[in-house]
Amino acid sequence: MNGDYVQALLPVECEAFSQSLKVFTIQEIGSSKWSRQHEKLEKMNMQAVANATAEENEFVKEFLINDSKYPLLIEDLISTELWREKIFNQLISSKFEPTITFPVYMVLYHEATLVNLLETTLYYQEACEACSDAILDLIDYCHRKLLWLSLRPSEETEECDDVKPGRSNLGPNMKELAGHDATIQFDVAIKSLSLIRYISDHLAVLPLSCATRLLNTLDVPVLLVELLQNSPWTKMKDGKMEKYIDNKWAVVDVADRFKITKIEGQIWLTLYKLLMDPECMQKYELNPHRKNTLLKLRSYLNEIMLDQLPILADLHSYLERLSMMEPPSAKHDLILEQVPEIRSRLEADNNRKWKKIREYQIKHHFDPSEEVLKEQAKRWADTYNFEMLENLISEPAKCAVCGELATKRCSRCRNEWYCRRECQVKAWKNHKSICDLLSRSAKAGS
């Protein structure tokens, strides 16, 4: 047992939280009841990470399985995705400028919370199995994120002040939210690689349509090859190579440039499973395009790669044999395939209602009164208690502006770190509103 192990939740609290989870409509997203459930899920997420890191009893996963909550989490995830596509993008294009960004930011961040909770717990076969038919919707969700990642312009960065063309006329608060959205979406897409890998590992216990959907309907192997070629987790900045490692960009030494990162490892292990597993090999319908795309992998399978992942030697041999084979004739058998239902149902339920939902949420959820803000800030300060987070996260504090090791802390809210005063001054414009709220809530609660 880790002597420094800290709990965000006691097991009895986690059980109560799990049992209380419910489905919210898209119109209810951002409401006070929805916010309270978000806070519960965030605490469950932090506890799941703490359990996994300390190799302790993973009771968060057990409660979610026992209470049959995994389908609910997946529906919540897809509802949030649809909210972002249909409502947040309307907020961006409208003239709405919130007095404070945190209520909208919490909805954007909710998607990351759910993906992180699923990534932490779906490593286990029993958790994947507990998703039931909703796993098909999760597969499609991950595919959409990976497709976005593969099509993403290589010059884009993930910093919060980086905003897409056409959004330069936004007000300061909406511009800040657009930057946070870019950061969150990149992180969510990267975590989707892990989810696809775990799903691939546990295909034997999942609905039969999962393998067909991964291999043939969505053609995930070809998409993964394209991701390896584009390498969106790598960029050059100021003449130095940076890679996205442990949820942040880090400069890579010249000697480590060919070292496989966790992201790249997830892709290679997924490809190995989908191409080398006997059941998958039988189901994957090879054609000339798929063959030619897969053969591009041979250029990556050099000695340096095989030394780091020796298991890929079998994949290399398979590709060499494939290069000398002709793809079999296309099959014309009648196949009954189970299809995902959650997203299509949500779209049908809210068809032609998106404008009304946006106007309702602006009025009731995203422009709260000072009194409501104070009450919410108290809960946020409790959920994101920095003293507790310090104990859950073993890494030293990093500057909120430049990412360097930080020794200075905001003396008012105690929730932000900086390496030097210049960074603190630079961050103050965006940090001021939430700092004021958290400071007032701390004083009110004392």
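Please refer to the structure placed before this passage.
Residues numbered from 1 in each chain as written. Predicted model: local features only at pLDDT ≥ 70, side-chain atom pairs only at ≥ 80, totals over all residues. Heavy atoms only, no water.

**Side note on helix 2 (residues 32-54)**
The end-to-end C-alpha distance of helix 2, which contains 23 residues, comes to 33 Å, matching closely the 33 Å that a straight helix rising 1.5 Å per residue would cover. Where helix 2 ends, the next residue or the one after it, glutamate 55, has phi of about 55 degrees, a positive value. (Helix = DSSP H or I, 4+ residues; strand = E, 2+ residues; numbered from the N terminus. Expected span 1.5 Å × (residues − 1).)

**Quick word on the environment of tyrosine 272**
Here tyrosine 272 lies in helix 11 (residues 262-276). Given a relative accessible area of 18%, tyrosine 272 falls into the buried group. Sequence-wise, tyrosine 272 and histidine 316 are 44 residues apart; in three dimensions their C-alpha atoms are separated by 9.9 Å. Residues contacting tyrosine 272, with those up to four places away along its chain left out, are Asp277, Ile311, Leu312, Asp314 and Leu315. (Buried < 20%, exposed > 50% of the residue type's maximum accessible area, 1.4 Å probe, protein only. Contact = heavy atoms within 4.5 Å.)

**A few points about the nonpolar core**
By size, the foremost hydrophobic cluster in this structure holds 113 residues, and its most contacted members are Leu73, Trp83, Leu122, Leu138, Trp268 and Leu315. Considering each element in turn, this core owes the most residues, 13 residues, to helix 8 (residues 172-201). Formed by ten residues, the second largest nonpolar core is a distinct cluster that contains Cys419, Cys423, Ala427 and Cys435. (Core = buried A, V, L, I, M, F, W, Y, C linked by side-chain atoms within 4.5 Å.)

**Quick look at the packing of aromatic side chains**
Scanning all chains against the criterion turns up eleven aromatic pairs. Plain terms: the ring middles of phenylalanine 186 and tyrosine 244 are 4.8 Å apart, the flat faces sit at 90 degrees to each other, and that makes the pair edge-to-face. Of this pair, phenylalanine 186 sits in helix 8 while tyrosine 244 sits in strand 2 (residues 240-245), placing them 58 residues apart in sequence. By relative accessible area, which is 1% here, phenylalanine 186 ends up buried. Measuring from ring centre to ring centre gives 6.2 Å for tryptophan 268 and tyrosine 300, while their planes differ by 65 degrees; the resulting arrangement is edge-to-face. Within this pair, whereas tryptophan 268 is found in helix 11, its partner tyrosine 300 is found in the loop between helix 13 (288-295) and helix 14 (303-308), the two being separated by 32 residues in sequence. Note on tryptophan 268: relative accessible area 1%, which makes it buried. The structure contains a cluster of three or more aromatic residues connected by ring pairs, namely Trp83, Phe88 and Phe366. Above the plane of the ring of tryptophan 249 lies lysine 235, whose end atom (NZ or CZ) is 4.3 Å from the centre. (Phe/Tyr/Trp six-rings, centres within 6.5 Å; stacked < 30°, edge-to-face > 60°. Lys NZ or Arg CZ within 6 Å of the ring centre and 35° of its normal.)

**Considering the packing of helix 10 (residues 220-230) against helix 11**
In contact at an axis separation of 10 Å, helix 10 and helix 11 are set at 150 degrees when each is read in the N-to-C sense. Here helix 10 is positioned roughly antiparallel relative to helix 11, judged by the angle of their axes. In the crossing of helix 10 with helix 11, the sense of the turn from one axis to the other is left-handed. Here helix 10 contributes Val220, Pro221, Leu224, Val225, Leu227 and Leu228 to the contact with helix 11, which in turn contributes Ile267, Trp268, Thr270, Leu271, Leu274 and Leu275. When grouped by side-chain class, the residues that make up the contact of helix 10 with helix 11 number eleven nonpolar, one polar and no charged. (Axes fitted to C-alpha atoms, helices over the stretch in contact; angles between N-to-C directions. Parallel < 35°, antiparallel > 145°, perpendicular 65-115°, else oblique. Left-handed = near helix turned anticlockwise from the far one by under 90°. Nonpolar A, V, L, I, M, F, W, Y, C, P; charged D, E, K, R; others polar.)

**Thoughts on the sheet that holds strand 2**
Within the open sheet, the three strands sit side by side as 1-2-3. Their pairing is antiparallel. This sheet does not close on itself; its edge strands, each paired only once, are strand 1 (234-237) and strand 3 (248-251). Averaged over all pairs of adjacent strands, the angle between their axes in this sheet comes to 35 degrees, without regard to strand direction. As paired strands, strand 2 and strand 3 are joined by four bridges and run antiparallel to one another. The residue bridging lysine 243 from the neighbouring strand is alanine 250, located in strand 3. (Pairing = 2+ DSSP bridges.)

**Observations regarding unusual backbone geometry**
With glycine set apart, most residues show a phi of negative sign, and most peptide bonds adopt trans. Positive phi values are uncommon outside glycine, yet glutamate 55 reaches one of about 55 degrees. Along the polypeptide, glutamate 55 turns up in the loop between helix 2 and helix 3 (59-66). With phi around 45 degrees, serine 231 is a residue other than glycine that occupies positive phi space. Note on placement: serine 231 falls in the loop between helix 10 and strand 1.

**A look at helix 9 (residues 209-217)**
For an α-helix the count is 3.6 residues per turn, leaving residues at separations of three or four pointing the same way. The element helix 9 is extensively covered by neighbouring structure, given that eight of its nine residues are classed as buried. Those residues of helix 9 lying buried are Ser209, Cys210, Ala211, Thr212, Arg213, Leu214, Leu215 and Asn216. Positive phi shows up at aspartate 219, right after helix 9, with a value of about 50 degrees.

Honestly, that's just the spatial picture; any functional story needs more than this.
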